[in-house]
Structures are given as structure tokens and as C-alpha cells.
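Here is how the chains run, residue by residue.
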Amino acid sequence: MIAWFADAGRDLPWRSPGASAWSILVSEVMLQQTPVVRVLPRWLDWMDRWPAPADLASAPTAEVLRAWDRLGYPRRALRLQQCARAIVDEHDGEVPRGEEALRALPGIGEYTAAAVTAFAHHDRAVVLDTNVRRVLARTMAGAALPPRSLTVAERRTATQVLPEEPERSVAWNQAVMELGALVCTAGAPRCEQCPLAGPACAWYSAGRPPAAEGSRRVQAFAGTDRQLRGQIMALLRTQDRATEQALLELDPGDEQRVQRCRASLVADGLAVPDGAGLRLP
DNA sequence: AAGTCGGGGAT
DNA sequence: ATCCCAGACTT
């Protein structure tokens, strides 16, 4: 796996030897539910503009939200700035070491704390993202896809296969994630390119049986509050403010929905009232 | 354990 | 149209 990564791994800027712990943390937050190709340009601009936690901490929040652009889930941008402020206030401006201290930061959950521990501090940590879960589900459990939510069995397996030696554990984490992203993909896995194709993979050995028919039942997007909230945020990013008229035009048929979304954005701190309209905080 | 929260490219 | 993406947080 580690040899495969050395040969096939992507050359991403947050993996360069000169990348700071903060820049790696920023990349991990941006990559939460957002593909690499879309994060790349935003991350480059972001790090050029706010290279250290103190820079982001003192930036106008409206500019932070604009720089976040269309990465999605803009609450992540808000939390990232809160994270920067917490690092400045509580950790002397340095990304803290240790999963417990990292998890106490806004927007840093189990996965990101482990990823920063491994990739920024080069300490041993059980990194379990969607890619690792899928690779382990196939190779170890013989299943086409991992369970819907993270289970204790998955944590146990991931801990079991993680190399003891810290440097190797970091390389392993990086390699398994990359394998899941490039080869052991959700849709059409490229088993012919996989170093684990064969006895090393239970799913491959079993003839790649299809996933059980579990209705994933993901929330639809068109017509939801999520979509309208996104449209409102897009409006606020490009124009300085949005009038009530402009907001209502986003969904002329449902004023209730517009008002509901407007109120929820204010409640989330993503927008502030501006007369009857809205503006960025 | 289930819901909510963006957005875009692939299928 | 549906799926999927280096998840976090609330209920």
C-alpha cells in the first residue's frame, strides 16, 4: 500500500513538506464533504491571504464567507474562523497537538482531529473517513459498502490494521485514503489497478457481490431549504446586501419558505438583518 | 440513530 | 434524476 501510494498518490499542495499544520487543518475542513478538485483553488487563495491562524482570526467575517465561495456548507467557514480565534486565544497561535485538544476546537470532529494528528503532527491516529471505511469494508468485511454510520466494529478493524510505528501509520493512513479516492471508489472501482486485488481483499475474492438493497434515503435537494439558503448566500456574496424584494424573487411562490430560510441564516450567524433584507455579518 | 446542512460533476 | 464527495453538530 505504501509503495503504491509513492507511485500513484496525487501531488497535492497540502501534502508538500513545507505545508504548515494550520494549512493542513484548513484543507481538512474544506475537504469535509467537498471533492479535492473543487477545494484546490479555494485553498490556494485562502492560504495566500490568511497564512496563519492570527490572520484569519482578525479577518472580516464577510470576507471569510466570500472567500469560501461555493464550497458549500458555509457554516464550516464560520467555524474555521472561530477555530482560528480559539487557537490564537488558547494555544498561542499554534495548532495544538493531541486529538482531545483538537476535538475541542470548533468544526473539528473525530475524523479531522485524527487527520490533523496524522498528517500535520505525524503522530499515530486512527483516520476513518469515507474512503478508509469503504476500503476496509471491502478488504476486511467483504462488503461492497460500509455501514450507514460509523460502528464500533469499524473502529476496531481500523485500529487493528494501523501500523504501530508512527511514521508507517501516517503513510498507511495517507495510502488507504488515496486508494479509496482513486481506485477503490464507490461507483466503479478500478480493481485492475488495485494492489490489494486478490486474496488481500475479501470483497474481490468473493467476486465483488453488489451492495445490499438498503435504501439510502438521502434528502432531496431541489426545492429544499438547503437549496434556497444556498441561493440567498450566493446573493449576499456577490452583492453587498439583498433587499427583501430580491429575497422574495428567489421563490415567488412561497414567501413562508423565504422567511424561514432568512431567519435560519440569521440564527446560524451567516447573515444579519439589514432593514427588511439581509447582508453578510 | 437520524436529520440538517451546499454544491457540482459523474453516472 | 440519482449518487457521491478527506463530516460536524444537534436532536
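Residues numbered from 1 in each chain as written. Chains lettered and ligands numbered in written order. Predicted model: local features only at pLDDT ≥ 70, side-chain atom pairs only at ≥ 80, totals over all residues. Heavy atoms only, no water.

## Here's the deal with the protein's contact with DNA strand B
Step number 1: Of all residues adjacent to DNA strand B, which total 15 residues, the nearest are Arg38, Tyr73, Pro74, Arg229 and Gly230.
Step number 2: When the atoms of DNA strand B within 4 Å of the protein are grouped by moiety, sugar and phosphate amount to 57% of the total.
Step number 3: Between DNA strand B and Leu71, the relevant distance is 2.9 Å, taken from a base nitrogen to a main-chain nitrogen or oxygen of the residue.
Step number 4: A distance of 2.6 Å separates a phosphate oxygen of DNA strand B from a polar side-chain atom of Arg229. (Near = heavy atom within 4 Å. Polar contact = N/O pair within 3.5 Å; in protein donor to acceptor, adjacent residues only side chain to side chain.)

## Some remarks on the protein's contact with DNA strand C
Step number 1: Inspection of the region around DNA strand C gives 24 residues, with Glu28, Gly107, Thr112, Asp129 and Arg134 positioned closest.
Step number 2: Of all DNA strand C atoms lying within 4 Å of any protein atom, the proportion belonging to sugar or phosphate reaches 64%.
Step number 3: Separating a phosphate oxygen of DNA strand C from a backbone N or O atom of Gly109 is a distance of 3.0 Å.
Step number 4: Take Asn131: an N or O atom from its side chain is 3.1 Å from a phosphate oxygen of DNA strand C.

## What about the pattern of salt bridges?
Step number 1: Counting across every chain of the model gives 18 salt bridges.
Step number 2: The salt bridge partner of Glu63 is Arg49, with a shortest N-O separation of 3.1 Å. Taken together, the positions of Glu63 in helix H5 (residues 61–68) and Arg49 in helix H3 (residues 36–49) put the pair 14 residues apart, joining distant regions of the chain.
Step number 3: Here the residues in one salt-bridge network are Arg42, Asp45, Asp69 and Arg70, joined through shared partners. (Salt bridge = Lys/Arg side-chain N within 4 Å of Asp/Glu carboxyl O. Helix = DSSP H or I, 4+ residues; strand = E, 2+ residues; numbered from the N terminus.)

## Regarding the UniProt feature "domain: HhH-GPD" (unreviewed entry) in chain A
Step number 1: Mapped onto this numbering, the UniProt entry annotates "domain: HhH-GPD" (unreviewed entry) at residues 30–182.
Step number 2: Secondary structure across residues 30–182 comprises 63% helix and 0% strand; the distance between its end C-alpha atoms is 19 Å. (UniProt positions renumbered as here; feature names shortened; annotations may be inferred.)

## Side note on the packing of aromatic side chains
Step number 1: Taken as a whole, this structure holds three aromatic pairs when the rule is applied.
Step number 2: Plain terms: the ring middles of Trp14 and Trp43 are 5.4 Å apart, the flat faces sit at 75° to each other, and that makes the pair edge-to-face. With Trp14 in the loop between helix H1 (2–8) and helix H2 (21–30) and Trp43 in helix H3, the pair connects residues that are 29 residues apart, well separated along the chain.
Step number 3: Taking relative accessible area as the criterion, Trp14 reaches 8% and is therefore assigned buried.
Step number 4: Judged by its relative accessible area of 6%, Trp43 falls in the buried class.
Step number 5: For the pair Trp46 and Trp50, a centre-to-centre distance of 4.9 Å together with 75° between the ring planes defines the contact as edge-to-face.
Step number 6: With relative accessibility at 6%, the residue Trp50 sits in the buried group.
Step number 7: An aromatic cluster of at least three residues, connected via ring pairs, comprises Trp46, Trp50 and Trp68. (Phe/Tyr/Trp six-rings, centres within 6.5 Å; stacked < 30°, edge-to-face > 60°. Buried < 20%, exposed > 50% of the residue type's maximum accessible area, 1.4 Å probe, protein only.)

## Focus: the packing of H2 against helix H6 (residues 75–91)
Step number 1: Interhelical geometry of H2 versus H6 gives an angle of 155° and a closest axis separation of 10 Å. As judged from the angle between their axes, H2 and H6 are roughly antiparallel. Once H2 is placed against H6, the crossing between them reads as right-handed. Contact residues: H2 offers Trp22, Leu25, Val26, Val29 and Met30, while H6 offers Arg76, Leu80, Cys83, Ala84 and Ile87. (Axes fitted to C-alpha atoms, helices over the stretch in contact; angles between N-to-C directions. Parallel < 35°, antiparallel > 145°, perpendicular 65-115°, else oblique. Left-handed = near helix turned anticlockwise from the far one by under 90°. Contact = heavy atoms within 4.5 Å.)

## Re helix H11 (residues 166–182)
Step number 1: Counted at 1.5 Å a residue, the expected span for H11 with its 17 residues is 24 Å, and the 24 Å between its end C-alpha atoms agrees.
Step number 2: Taken residue by residue, H11 has Ser169, Val170, Asn173, Gln174, Ala175, Val176, Met177, Glu178, Leu179 and Gly180 as its buried positions.
Step number 3: At its buried positions, H11 is contacted by H1, helix H8 (110–119) and helix H9 (130–139).
Step number 4: Capping the start of H11 is the job of one residue whose side-chain oxygen sits 3.2 Å from the backbone nitrogen of Glu167: Glu165. (Expected span 1.5 Å × (residues − 1).)

## Side note on the side chain of Gln174
Step number 1: Tracing the chain through its elements places Gln174 in helix H11.
Step number 2: In terms of polar contacts, Gln174 uses its side chain to reach the side chain of Arg15, at 3.5 Å.
Step number 3: Leaving out residues up to four positions away in the same chain, Gln174 has contacts with Phe5, Arg15 and Phe119.

## A look at the nonpolar core
Step number 1: Ranked by size, the top nonpolar core spans 76 residues in total, and within it Trp22, Leu25, Trp46, Leu80 and Leu179 carry the most contacts.
Step number 2: When neighbours within four sequence positions are excluded, Leu179 is seen to be in contact with Met1, Trp4, Val135, Cys184, Cys194, Pro195 and Leu196. (Core = buried A, V, L, I, M, F, W, Y, C linked by side-chain atoms within 4.5 Å.)

## Here we look at the sheet that holds strand S1 (residues 241–242)
Step number 1: What the three strands build is an open sheet, ordered S1-S3-S2; its pairing is antiparallel. Since the sheet does not close on itself, it has two edges, and those belong to S1 and strand S2 (272–274), each with one partner.
Step number 2: Here S2 pairs with strand S3 (residues 277–279) via three bridges, running antiparallel. Considered in S3, the bridge of Pro273 is made with Leu278. (Pairing = 2+ DSSP bridges.)

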